[in-house]
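A structural walkthrough
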Amino acid sequence: MQEPRLWTWRRLVAVTLARSLLVGLLGLAAWGALPAAVGWHPTTVSSGSMMPRLHVGDVAVSRPLGAQVPPLGSVLLFHDPDHPGRLRMHRFVRLDDDGLLVTRGDANAGDDSTPVPLGTVVGIGTLRVPWIALPVVWSRAGDWAFLGLVAAGLGLLVVVASSGRDRTFADDDGPDEPDDGEAGRGTGPGTGVPAPREGDRWSAALRRGAVLVAAGLLIATLADPAGAAFTSKTTTTASLAASSSYTCASTVASMSPYFYYRMDETSASTTAATDSSGSSRTGLYSQTGRTPTTDKPCVNDTGGAMTYDGSNGALASPGLSGGMPSVFTESIWFRTGTQAGGKLIGFGSSQTGGSGTYDRHIYMANSGRLYFGVYNNGVKTVSSPAAYNDNVWHLAVGSLSSAGLQLYVDGKLVGSDPSTTAGEPGTSAYMRVAYDNLSNWDSTPTSAYLYGTLDDAAFFTTALTADQVLSLYTAASR
Amino acid sequence: MKPPSRRAVRRCSWLALPAAVALSLGAVGQASYSAFSSQTSNTASSLAAGTVVLADDDTGSALFAATSLKPGSSGSRCIAVTSTGNLPSTVKLYATGAATTKSLATYVSWTVTQGTGGSYSSCSGFTALSSGSSVYSGTLSGFTGSATAFGSGVGTWTPTGGASETRTFQFAYAVSSTAPDTAQGGTATFGLTWEAQNS
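Notes on the structure in this doc start here. (Residues numbered from 1 in each chain as written. Chains lettered and ligands numbered in written order. Predicted model: local features only at pLDDT ≥ 70, side-chain atom pairs only at ≥ 80, totals over all residues. Heavy atoms only, no water.)

1. A short note on a nonpolar patch on the surface
Taken together, Val23(A), Trp14(B), Leu17(B), Val21(B) and Leu25(B) make up a surface patch of nonpolar side chains, about 450 Å² in accessible area. Considering every element that reaches the nonpolar patch, the biggest residue donor is helix 1 (residues 6-36) of chain B, with 4 residues. By the element assignment, Val21(B) lies in helix 1. (Patch = residues over 30% accessible without salt bridge, like charges linked within 9 Å, V, L, I, M, F, W, Y side chains within 5 Å. Areas by Shrake-Rupley, 256 points an atom, 1.4 Å probe, with all protein chains shown as cover. Salt bridge = Lys/Arg side-chain N within 4 Å of Asp/Glu carboxyl O. Helix = DSSP H or I, 4+ residues; strand = E, 2+ residues; numbered from the N terminus.)

2. Digging into the packing of aromatic side chains
Under the definition given, this model contains 22 aromatic pairs over all chains. Between Tyr363(A) and Trp441(A), the aromatic rings sit 6.5 Å apart at their centres with planes inclined by 75°, giving edge-to-face as the arrangement. Here Trp441(A) lies in the loop between strand 23 (430-433) and strand 24 (451-460) and Tyr363(A) lies in strand 17 (residues 358-364), a separation of 78 residues in the sequence. Among the aromatic residues, those joined into a cluster by ring pairs are Phe64(B), Trp110(B), Tyr136(B), Phe143(B), Trp157(B), Phe169(B), Phe171(B), Tyr173(B), Phe190(B) and Trp194(B). Note that Arg281(A) overlies the ring of Tyr258(A), its terminal NZ or CZ placed 3.6 Å from the centroid. For the cation-ring pair, Arg77(B) lies above Tyr120(B), with the distance from its terminal atom to the ring centre recorded as 4.2 Å. (Phe/Tyr/Trp six-rings, centres within 6.5 Å; stacked < 30°, edge-to-face > 60°. Lys NZ or Arg CZ within 6 Å of the ring centre and 35° of its normal.)

3. Details of the state of the cysteines
All names here are of chain A. Within this structure, the stated rule accounts for 2 disulfides over all chains. The side chain of Cys 248 participates in a disulfide bridge whose partner is Cys 298; the two sulfur atoms lie 1.9 Å from each other. The chirality of the disulfide connecting Cys 248 with Cys 298 is left-handed, given an S-S dihedral of about -95°. Highlighted residues: Cys 248 in helix 5 (residues 248-253) and Cys 298 in the loop between strand 12 (290-293) and strand 13 (305-309), separated in sequence by 50 residues. Across the pair, Cys 298 and Cys 248 agree in class, each one buried. (Disulfide = S-S within 2.5 Å. Buried < 20%, exposed > 50% of the residue type's maximum accessible area, 1.4 Å probe, protein only.)

4. Here's the deal with the sheet that holds strand 2 (residues 64-69) of chain B
The 5 strands are arranged 2(B)-8(A)-10(B)-4(B)-8(B) in an open sheet whose pairing can be described as mixed. Strands at the two margins of the open sheet, each flanked by one partner only, are strand 2 and strand 8 (154-157) of chain B. With direction set aside, neighbouring strand axes in the sheet form an average angle of 15°. Examined bridge by bridge, strand 4 (residues 89-100) of chain B and strand 10 (residues 187-198) of chain B share 10 bridges and lie antiparallel to one another. Paired with Thr90(B) across the bridge in strand 10 of chain B is Gln197(B). (Pairing = 2+ DSSP bridges. Axes fitted to C-alpha atoms, helices over the stretch in contact; angles between N-to-C directions.)

Right under this line is the structure:
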């Protein structure tokens, strides 16, 4: 047997440090794992969303809430609402209107998007054991290099801690106690020579094995991850609003027309013109000079329009009770390429033929410009600057009220005369479309009959607002 | 110096236990105090080792602000969403704060397509993914009713976190040509949220 080596102070310090570290690590693991025995919940922090309070690899131990309501600002462990089967550990920041808990990772810019009910809370964060579960995180991430380093470090500690068993002492003062564990192992009583007994070896091996198994169990207990909820959001908004009226018909109907001739008749010979005002004030078509067409200005509407030939075609309403209106709006869609002008819509004292009293009318001059006027101690008209005999659908609207004469084309005001607020009085009044007398009016057109296609002639006993007129026009398009 | 005596060695071996207990107690106590006693969070995103970051290119404008819709009306727009985080993540799209009047959302078809190219200002250059480009196809009410949180959100985008990734989403609506008059004047408003969570 070779000469036994002696203990040195340096070795003693190293061994003691190594043993302290090892036992300390085991103690940390125990802190992380043992609370599970009393129903607390240890979890491994697996993401940094609670930095710097909780780090990846920490073990966070939560105690059950019981009947307690968690205080604001506390860190809660709860079932992840976004990932079934996962746990999340975030701070409780506020209650929302529905009584749900709004949570947030300290390192996140915003609150978690899905609030959680109190029932999903597993516990309230109480103990933090730093770094101890890093090996768990590494093994999950496959960072074998780190794992290897740690294993090597642990191995080195074990080697250092267990070295010195074969060392002997410089002196053997004092009475010997029996061997006690890993600590004072190594010598027989009264001798300076290491003489471990057979039984000691076995029990030491058992002890070491038990420690290893315990350590393994502790580590395994820590494998339950929590966290994993770094989040970031970006948002935008959208609003869709349907028109209050899908069709020209529903738009006109919403403004309570007195007469409303949609000219959807498909017969060129039947003279009855259906009134869609709801009051069945059936109009009268001319017997000749008109042709139904499927062409129409309102793409959302059913039916078609009526083409007038410029020599015989016309439409008239029944007599208006109360005679000539003092406040009114009249409206009509037209499409023409004529160079000879003609009446679009207006009022006359007769239902057919040329009227003796005729005003409150919109007509087209040879130039294609529109005129709207009344007779009030003379001819009073307003006119559009532009021409509209371009074979495209347009909407002409004229109104008379205390605000004066107003002429709109395609929803826009194109002419007005605030000083003219009344027309020629008369007890006999018919609304005339496509034809009536036009003698002696401004820019009198060559033809009183209009050659063109007309649709949706409407008469209102109120002066429509500019917005209402605009909606009459926008109702036509999609 | 005299080498350590048997008693010194034995005492040192017992010293390891209290030292270890003190070490672990101190570490756990201090760490627990700093982690859980603070009742407020601090803004520490810069300290985080890993992040997920998501942004879009709408500069705060609305995706759609359509008015006077009629049966048959339709529209579409693109939004480019960029992920610049350094953690692998999953991105989900969902609706928030959805509200509709007169059941308009029921009569609006809604499709979400993912691809590359194009931007908020113009969809030109947008190319749908060759496979799996359809993120959602159905009615608007179906979308806003079902996709309401990250867990129920739609989408298959999973940025790797290795480098900045941009994906363009094309949204299209169309009011049904058979939308009834009862939906006149109806509205549908909602927010759209893309949320990334690290996976």
